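Spelled out from the first residue to the last, the chains are:
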Amino acid sequence: MVDFSLTDEQKNLRELAHDFAAREIRPVAWELDRDSTWPQAIIDKAHEVGLMNTHLPEQYGGPGLDYLDGCIIEEELSWGCSGVQTSLGANGLASAPVMLGGSEDVKREFAEELVAEPKLASFCLTEPDAGSDVSGMRTRAVRKGDKYVINGSKCFITNGSYADWFVVYAKTDPEAGHRGISAFLVRRDDTVIVDKKEDKLGQRASNTATITFNETEVDARYLLGEENKGFKLAMMVLDRTRPGVAAMATGIARAAFEFACDYSKERVQFGVPIAMHQAIQFMIADMATKVHLSRLAAWNSAVLLDQGKRNTLESSHAKRFAADSAMEVTTDAVQVYGGYGFIKDYPVEKLMRDAKIMQLYEGTSQIQRLVIARETLLPRRIEEPATATA
Ligand code: CAA
């Protein structure tokens, strides 16, 4: 049976997230963007009301929400401000490999910490010379007794300046390409150095940093999954987080679409509101369709995960379509506003800047097309561990 109607519980979650976005995020979003201000007060409140760490299992004190629930929340919070949502949601990206690859003790230790306090964690995959090409990374982890020693730099790390711990991917067998990468859980200490905070085009309320690990020692029990199986772990994580990114893109597009609708009914040209002109109506119609289909694609890719199925193809469909649509919808919203759309006194230019990152992070739109093409032309059977529930 195919049924897209939400349960009462899901409607309540949506209302909770929407009210939070409307009361706590929207009123300050443009100010946070202007000054690139870190939204600590919002993070504290979101943690208090249960809008962070939503996928952490109940057995570790988390809310144990499923992936569809996550998409519902992420769309609403991103409607408020996707930069703030990136800050709130990065714990989901960092805790996914822990839940997939950590021992029972490690899962409990880190999940309980995140649930107890508004702590942050970062996912450290990308390097200056290894963006789309993950296996080109140079960060090195060398085993010494019951520890690993990590050296290397990671860039574009969300929440990097504020994270208490990091999931770091590093080469444990530099000659083995993607089969020589391992993932580690690393606590912040004085060997972890924030080299640079980025000054970004959009999502300026989020923190993006370059982090260097300088002789950083990690207990061997913090190896996530098996040694040299980190690449696969990273891909499994991205399959699980891309539906949420698609939902975020939907939230940005929806915000721009709503602003454009309202403005088109107020702005009078040639003696009538511009919404009366077919040129504007057709833009509004295309925007509405893109928002609607982005949401459906995000939900579809999330529901597959909730059913325990592999969603590689569908999560790339959703991420690619929703990200590209968000860019198109926000650009059209600026067009509906005309010259005013280009001016910072009006809300839509921020949304257009914010939308751009959706086509870049968690795999560019070109990488999603690569995955879609491979999954379509040469579908592979990929075995995942039975415990893959993060
Ligand atoms: N699930 C499980 N395993 C998978 C998989 C999946 N979805 N996709 C691939 N694999 C496995 C393959 O089966 C293969 O396994 P074997 O070793 O057994 O052969 C192995 O992984 C290698 O696969 P590929 O040959 O497909 O690897 P590739 O080098 O060609 O890369 C890629 C594939 C899709 C390009 C991948 O590198 C990729 O997704 N790149 C983009 C990386 C990315 O999204 N980075 C974003 C960083 S996160 C972020 O943005 C952080 C933030 O803070 C917001």
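Located above this text is the structure these notes cover.
Here the structure is a predicted model, which is why all the values come from computation and not from measurement.

Asker: Go over unusual backbone geometry with me, naming the residues and quoting the values.
Answerer: Positive phi, normally seen in glycine, also occurs at Phe 156, with a value near 60°. Note on placement: Phe 156 falls in strand β3 (residues 147-158). Look at Asn 228: it is not a glycine, yet its phi comes out positive at around 70°. Position of Asn 228 relative to the elements: it lies in the loop between β8 (223-224) and α6 (230-266).

Asker: Before we move on, can you summarise the site of the ligand with the specific residues and values?
Answerer: Not every one of the 28 residues close to the ligand is listed here, only the nearest: Thr 158, His 178, Arg 179, Glu 362 and Arg 374. With respect to the ligand, the side chain of Thr 312 contributes an N or O atom lying 3.4 Å from a nitrogen atom. Alone, the ligand offers 1,100 Å² of accessible surface; in the complex the protein occludes 83% of this. Where the shell around the ligand is concerned, the elements lending two or more residues are β3, α6 and α10 (365-377).

Asker: Just give me the short version of the nonpolar core, but keep the residues and values in it.
Answerer: Among the nonpolar cores identified, the biggest contains 66 residues, and Ile 25, Leu 77, Val 84 and Met 358 are the most heavily contacted of them. Every element with two or more residues in this core is listed here: α1 (8-35), α2 (40-49), α3 (67-80), α4 (82-101), α6, α7 (278-306), α8 (312-337) and α9 (348-358). With 49 residues, the next largest nonpolar core counts Val 98, Ala 111, Ala 220 and Leu 238 among its residues.

Rules behind the numbers
- Residues numbered from 1 in each chain as written.
- Predicted model: local features only at pLDDT ≥ 70, side-chain atom pairs only at ≥ 80, totals over all residues.
- Heavy atoms only, no water.
- Helix = DSSP H or I, 4+ residues; strand = E, 2+ residues; numbered from the N terminus.
- Near = heavy atom within 4 Å.
- Polar contact = N/O pair within 3.5 Å; in protein donor to acceptor, adjacent residues only side chain to side chain.
- Areas by Shrake-Rupley, 256 points an atom, 1.4 Å probe, with all protein chains shown as cover.
- Core = buried A, V, L, I, M, F, W, Y, C linked by side-chain atoms within 4.5 Å.
- Buried < 20%, exposed > 50% of the residue type's maximum accessible area, 1.4 Å probe, protein only.

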